[in-house]
Amino acid sequence: YYPPPMPTDTLSSLISSRKARVGVIGLGYVGLPLARAFHDAGFPVLGFDIDPAKVAALSRGHNYLNHLGARFVADMAPTNRFVATTDFARLAECDAIIICVPTPLADNREPDLSYVERTSIDIARTLRPGQLIILESTSYPGTTRDVVLPRLESAGSKCGRDFFLAFSPEREDPGRKDHTTTTIPKLVGGIDRVSGELAAALYRAAIQTVVPVSSAEVAEAAKLLENTYRAVNIALVNELKILFAAMNIDIWEVIDAAKTKPFGFQPFYPGPGLGGHCIPVDPFYLAWKARQVGLPTRFIELAGEINHAMPGHVVEKLAAALADRGRSLHASRVLVLGLAYKPDIDDVRESPSFEIIAMLRERGAVVDYNDPHVPRTHAGRKHDLQMHSVAITQQSLVSYDAVVLSTAHAAYDWPFIAAHAKLIVDTRGALRGITGSATIVTA
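Residues numbered from 1 in each chain as written. Predicted model: local features only at pLDDT ≥ 70, side-chain atom pairs only at ≥ 80, totals over all residues. Heavy atoms only, no water.

**Student:** Explain the packing of aromatic side chains here, please?
**Tutor:** What describes a pair of aromatic rings is the distance from one ring centre to the other and the angle between the planes of the rings. Tallied over the entire structure, the rule returns 6 aromatic pairs. Relative to Tyr203, the ring of Phe38 has its centre 6.0 Å away and its plane inclined at 45°; by these criteria the two rings are tilted. Note that Phe38 is positioned in helix H2 (residues 31-40) and Tyr203 in helix H6 (residues 193-204), a separation of 165 residues in sequence. The class of Phe38 is buried, set by a relative accessible area of 0%. Look at Phe48 and Phe88: their rings are 5.5 Å apart centre to centre, the planes differ by 50°, and that puts the pair in the tilted class. With a gap of 40 residues between them, Phe48 in strand E2 (residues 45-48) and Phe88 in the loop between strand E3 (82-85) and strand E4 (96-99) connect regions that are remote in the sequence. Like Phe88, Phe48 is buried. (Phe/Tyr/Trp six-rings, centres within 6.5 Å; stacked < 30°, edge-to-face > 60°. Helix = DSSP H or I, 4+ residues; strand = E, 2+ residues; numbered from the N terminus. Buried < 20%, exposed > 50% of the residue type's maximum accessible area, 1.4 Å probe, protein only.)

The structure is reproduced here in structure tokens:
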């Protein structure tokens, strides 16, 4: 008598032989690069998304994430090992399923886990013995165990025996050239020891460095620490920017001076507010969880308040600069440079430019924007600006009462802009050392 192989033995064998079919749920900034990484490692990959337009684009070999390059999707076509679908019943075909869905904040700045919850229910409908489930979506410590696990076990299956569950935080940074999905070290923490080992084995097949930790909670907390660290330090330099401006001191020169110290200092830079999915959101997840256990996070919440106030600070600086020129913000024509939240990409998630434009409109300003990477706006969770990017010409620059520099794209010709604009509010320090006819105000 030979007993049937245990689910863990079967899955381990499929991983080592590159025969495990990897399902990736959510084909956005995290999921699509991850799907490509597993494809390049030799695995068959099945991508899932609720957006039919994305699935149709991928089926044509078209990449809708411009920063990844035009060939990013097309290069997978010859192998026939990547398929995209909206049919979540096909989750049953997958040996490993990786969840890469959004975890936004609700209007009250509390966690919105509706995408994670719905995805967990979808997986539970087709869950079969031997499947490995991994959550990559950032959330508070305990999400994998307290939110995902009960839904997967709702039909009677047992984690660690029938299926396996782990957390591995995404660490994507869109537009970065010195690191990719495969070179960024991967943290992995399981709900149990076997789950953690299987998840680590899967990632080791596609990622250069895998760092196992003792639990899913440690991995969840590590991701929040990484992004809270950045949020707090950005809040510090944003506050110092305002302070040093009152002292007639250039914050960017101060940072350049401080970073000459070879130890004990890491430069962070001020701006018009925080953007991207992680840094504006993740600290509030941690603060919310802290309140659930009855502990305050005053430091984190103060940093959030400072960063959240920066778009308003920019608008007030603009209003004051216009007043100095004898103009009101009401009915003034304003051009915002940059809609993306960081330079040289088309990612507009949580971009402070949206808040600035909305505030300017509320004050009666007539607002346009230019962004070489974002030709038009689309309806988002909080804003539907219904705008398109306007051209930058000598004639157009002269026609605006003010220009707000929100994102310092490399494509911008700063001397040209400074030569023809009337007033520029620079939130990024991009015009330091550049002269022209424009009045330049830092904010």
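**Student:** I tried to follow the sheet that holds strand E10 (residues 366-370) on my own but got confused; where do I start?
**Tutor:** Sheet strands pair via backbone hydrogen bonds, and the direction of the pair is either parallel or antiparallel. Taken together, the 5 strands give an open sheet; going across it, the order is E10-E9-E11-E12-E13, and neighbouring strands pair in parallel fashion. Strands at the two margins of the open sheet, each flanked by one partner only, are E10 and strand E13 (439-442). Neighbour to neighbour, the strand axes of the sheet diverge by 20° on average, direction disregarded. Bridge analysis of strand E9 (residues 333-337) against E10 gives 5 bridges, and the strand direction is parallel. Bridge assignment links Leu335 to a residue of E10, and that residue is Asp368. Its contacts with the sheet put helix H10 (residues 298-324) on E9, strand E11 (402-405), strand E12 (423-426) and E13, and the angle it makes with E12 is roughly 155°. (Pairing = 2+ DSSP bridges. Axes fitted to C-alpha atoms, helices over the stretch in contact; angles between N-to-C directions. Contact = heavy atoms within 4.5 Å.)

**Student:** What am I meant to see in the packing of helix H9 (residues 282-292) against H10 here?
**Tutor:** Contact pair H9 / H10: the axes reach a minimum separation of 10 Å and the direction vectors enclose 140°. H9 and H10 meet at a crossing whose hand is left-handed. Listed contacts from H10 to Pro283, Phe284, Leu286, Ala287 and Arg291 of H9 are Ile300, Glu301 and Gly304. For the contact of H9 with H10, the class distribution of residues is 5 nonpolar, 1 polar and 2 charged. (Left-handed = near helix turned anticlockwise from the far one by under 90°. Nonpolar A, V, L, I, M, F, W, Y, C, P; charged D, E, K, R; others polar.)

**Student:** Please explain the side chain of Ser351 as it appears in this structure.
**Tutor:** With respect to the helices, strands and loops of the structure, Ser351 is situated in the loop between E9 and helix H11 (352-362). Sequence-distant contacts of Ser351, defined by excluding residues within four places in its chain, comprise Gly275, Leu339, Ala340 and Tyr341.

**Student:** I would appreciate a short explanation of the layout of surface pockets in the present structure.
**Tutor:** Gaps left between atoms show up when a probe the size of a water molecule is rolled over them. Taken as a whole, the second largest pocket spans an internal volume of roughly 340 Å³. Lining the second largest pocket are 19 residues, with Leu68, Phe72, His179, Thr180 and Thr181 sitting closest to its centre. The class makeup of the residues in the lining of the second largest pocket is 7 nonpolar, 6 polar and 6 charged. (1 Å grid on protein atoms, 1.4 Å probe; cavity = no way out; pocket = protein on both sides within 12 Å on 5 of 7 lines; lining within 4 Å. Points joined across faces, edges and corners; volume = space filled by probe spheres on them.)

**Student:** Would you take a moment to explain a nonpolar patch on the surface for this structure?
**Tutor:** Together, Leu243, Met247 and Ile249 line one region of the surface with nonpolar side chains, adding up to about 260 Å² of accessible area. Under the relative-accessibility criterion, Met247 is labelled partly exposed at 47%. (Patch = residues over 30% accessible without salt bridge, like charges linked within 9 Å, V, L, I, M, F, W, Y side chains within 5 Å. Areas by Shrake-Rupley, 256 points an atom, 1.4 Å probe, with all protein chains shown as cover. Salt bridge = Lys/Arg side-chain N within 4 Å of Asp/Glu carboxyl O.)

**Student:** I would appreciate a short explanation of the nonpolar core in the present structure.
**Tutor:** Among soluble globular proteins, nonpolar side chains are generally buried collectively. Within the largest apolar cluster, 42 residues are counted, with the highest numbers of intra-cluster contacts made by Phe38, Ile98, Leu132, Leu202 and Tyr203. Considering each element in turn, this core owes the most residues, 5 residues, to H6. Beyond its immediate sequence surroundings of up to four residues, Tyr203 is in contact with Leu34, Phe38, Ile98, Ile134, Glu136, Ser168, Lys186, Val188 and Val210. (Core = buried A, V, L, I, M, F, W, Y, C linked by side-chain atoms within 4.5 Å.)

**Student:** Is there a simple way to think about unusual backbone geometry in this case?
**Tutor:** Excluding glycine, most residues fall at negative phi; most peptide bonds, likewise, are trans. Positive phi, normally seen in glycine, also occurs at Asn248, with a value near 60°. On the accessibility criterion, Asn248 (72% relative accessible area) is exposed. Phi is positive for Gln386, which is not a glycine, with a value near 50°. Secondary-structure assignment places Gln386 in the loop between E10 and helix H12 (394-399).

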